[in-house]
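Take a look at the letters that make up each chain.
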Amino acid sequence: MSTKPVRVLTLVCSTRPGALGPEVGRWLLDAITPRATDLGVELVPVALADLNLPFLDEEEHPSSGVYRQEHTRRWSALVDAADGFIVITPEYNYGMPATLKNALDYLGREWAWKPMGFVSYGNTSAGTRSVQHAKQVVTTLRLVPLGATVAIRIAEATEHGRLRPDAARDAAAVGVLDELVRVAQALRPMRERSGARPGPLPGSYLRRLTADDAPEVTVLQRCCWVDEALTNDTLAVPALSESLDQVRDWLDTWHTTGVWLDGRLLGMVRTRREGDDWHIGRLAVVPDLRGQGLGRWLLRAAEAAAEPGCDRVTLVTGAKSLRNIDLYHSEGYRMVPAHHEDGTASLVKGLATHR
Ligand SMILES: Cc1cc2nc3c(=O)[nH]c(=O)nc-3n(C[C@H](O)[C@H](O)[C@H](O)COP(=O)(O)O)c2cc1C
């Protein structure tokens, strides 16, 4: 799973002049910022009052993603870039405020598979009816509401329009953030899968690997190239010894495709143009899924991605890696008859010239 930091939007929902919402939003940020720093979480405070969203004025259904209004595009970009939300909401007439319902209605897929925590405030019910109301709506959008919550009874918690210090409330807010981050991480595969290219195994999907994936890639290649080291009787195998930083570096300069299933990296392949050659490397499949055609599928996908003008595909493997060499031969590669000092062998395959 990617190590990209989790980005959390804190959303103050009340928009009326003199509202208590901004004060609750400030308190929340003070209470959770130290924990967010420890967790590497980026907090993005947003006030619906600043967004000036009118009542929904888009022609198309939000699921279309067709947004004609600039305010919708801005809101969409903010929500899309977030991994989770903490909504700071009052209770209006036993329900959520219309501003929150409106802001939810504007968008579709941007909300999907992200956790939403609530900090509510109100009179006798401390805003909890607002939260119950919001929860049944947000699940329709595939938002995942949290169990952890903060509910503030205004009369007891405030003095002259300010929140009184309350260590228990601070701790509850940290509890919301902790749960939010865990759920946001757990839901990452769900978010990645929506809209991604399907992979060869049921439920699997493809995604370009970036430097954020270096930990997963390092584990995969170390595990996969142990066999290579044993077969070729050498430890001088870069994929075995590369540091995390070295892996990050090559992920930046190669186009690497990963096959994922439920947050697990099952296989990968990297490609790069070198002159008129299309170079393919680091073809790897987790040990428990070998023999199911995943490597061959990745190899063919890597070849199909060759840039126009490339006239051949090249790759390198251990000179004694007979299983790999068999696969490459069966896919039309031929061995280059040169002797490599490092015990590797090069293979090539011509590409159709009309590309
Ligand atoms: C239109 C309206 C409806 C309200 N309805 C409720 C309610 O159903 N339950 C409740 O506990 N408080 C209710 N209140 C009181 C609010 O909890 C309190 O005014 C709170 O400060 C509102 O949040 P805001 O200041 O951020 O707008 C209502 C207030 C407004 C303005």
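Every chain begins its residue count from 1, and numbering advances along the sequence as written. It should be noted that, the model being predicted, local features are given only for residues of pLDDT at least 70 and side-chain atom pairs only at 80 or more, the latter also being counted only at that level, while totals for whole chains, interfaces and linings use all residues. The basis for the side-chain values is all heavy atoms of the structure; hydrogens and waters are excluded.

Of the regular secondary structure elements, the protein chain holds 12 helices and 15 strands. The globule rule used for comparison is 2.2 Å times the number of residues to the exponent 0.38, while the radius of gyration itself is calculated over C-alpha atoms. Against the globule reference of 20 Å for 355 residues, the protein chain gives a C-alpha radius of gyration of 26 Å, more extended than a compact globule. Each residue gets one of three labels from its accessible area relative to the maximum for its type: buried under 20%, exposed over 50%, partly exposed in between, using a 1.4 Å probe on protein chains only. The burial tally for the protein chain puts 48% of its 355 residues in the buried class. Contacts: residue pairs with any heavy atoms within 4.5 Å of one another. Partitioning the contacts of the protein chain with sequence separation of at least 6, the portion at a separation of at least 24 is 72%. Only the protein chains shown count as cover for residues, and the accessible areas themselves come from Shrake-Rupley with a 1.4 Å probe. A total accessible area of about 17,400 Å² is found for the protein chain, and carbon and sulfur atoms account for 53% of it. Positive charge is attributed to Lys and Arg, negative charge to Asp and Glu, and no charge count is given to His or to the chain ends. Throughout, a charge is located at the NZ atom of Lys, the CZ atom of Arg, the CG atom of Asp or the CD atom of Glu. Averaging the coordinates of the 41 positive side-chain charges in the protein chain and doing the same for the 44 negative ones gives two points 3 Å apart. Runs of H or I in DSSP of at least four residues are treated as helices and runs of E of at least two as strands, each being numbered from the N terminus.

Whenever a pair of cysteine sulfur atoms sits within 2.5 Å, that pair is classed as a disulfide. Here the structure, examined in full by the defined rule, presents zero disulfides. With no disulfide partner, Cys-223 has as its closest neighbouring cysteine sulfur the one in Cys-224, 4.3 Å distant.

Moving on to the site of the ligand. Here, proximity means that at least one heavy atom of the residue falls within 4 Å of the molecule or strand. Surveying the vicinity of the ligand reveals 14 residues, the closest of which are Ser-14, Arg-16, Tyr-92, Tyr-121 and Asn-123. Within the contact set of the ligand, an oxygen atom lies 2.7 Å away from a backbone nitrogen or oxygen of Leu-20. Side-chain polar atom of Glu-91 to a nitrogen atom of the ligand: 2.9 Å apart, as the coordinates give it. Its free accessible area being 600 Å², the ligand has 75% of it covered by the protein chains. Following the grouping adopted for this structure description, the nonpolar residues are Ala, Val, Leu, Ile, Met, Phe, Trp, Tyr, Cys and Pro, the charged ones are Asp, Glu, Lys and Arg, and the polar ones are all others, Gly among them. When the residues that make up the shell around the ligand are grouped by side-chain class, the tally is seven nonpolar, five polar and two charged. Pairs of N or O atoms are called polar contacts if they sit within 3.5 Å, as long as, within protein, a hydrogen donor faces a hydrogen acceptor (for residues adjacent in sequence, only side-chain-to-side-chain pairs).

At least two bridges found by DSSP between two strands are what make those strands a pair. On the basis of which strands lie adjacent, the open sheet formed by five strands has the order β2-β1-β3-β4-β5 and parallel pairing. Single-partner strands in this sheet number two, and they are β2 (42-47) and β5 (144-153). Taken over all neighbouring pairs, the strand axes of this sheet differ in orientation by 15° on average, direction set aside. Taken together, the six bridges between strand β1 (residues 7-12) and β2 define a ladder with parallel strand orientation. Across the sheet, Val-8 pairs through a bridge with Leu-43, a residue of β2. Only the stretch in contact is used when a helix axis is fitted, and all axes are lines through C-alpha atoms; the angle between N-to-C directions ranges over 0 to 180 degrees. Against the sheet, helix α5 (residues 128-138) contacts β3 (84-90), β4 (115-122) and β5, and its axis sits at roughly 155° relative to β4.

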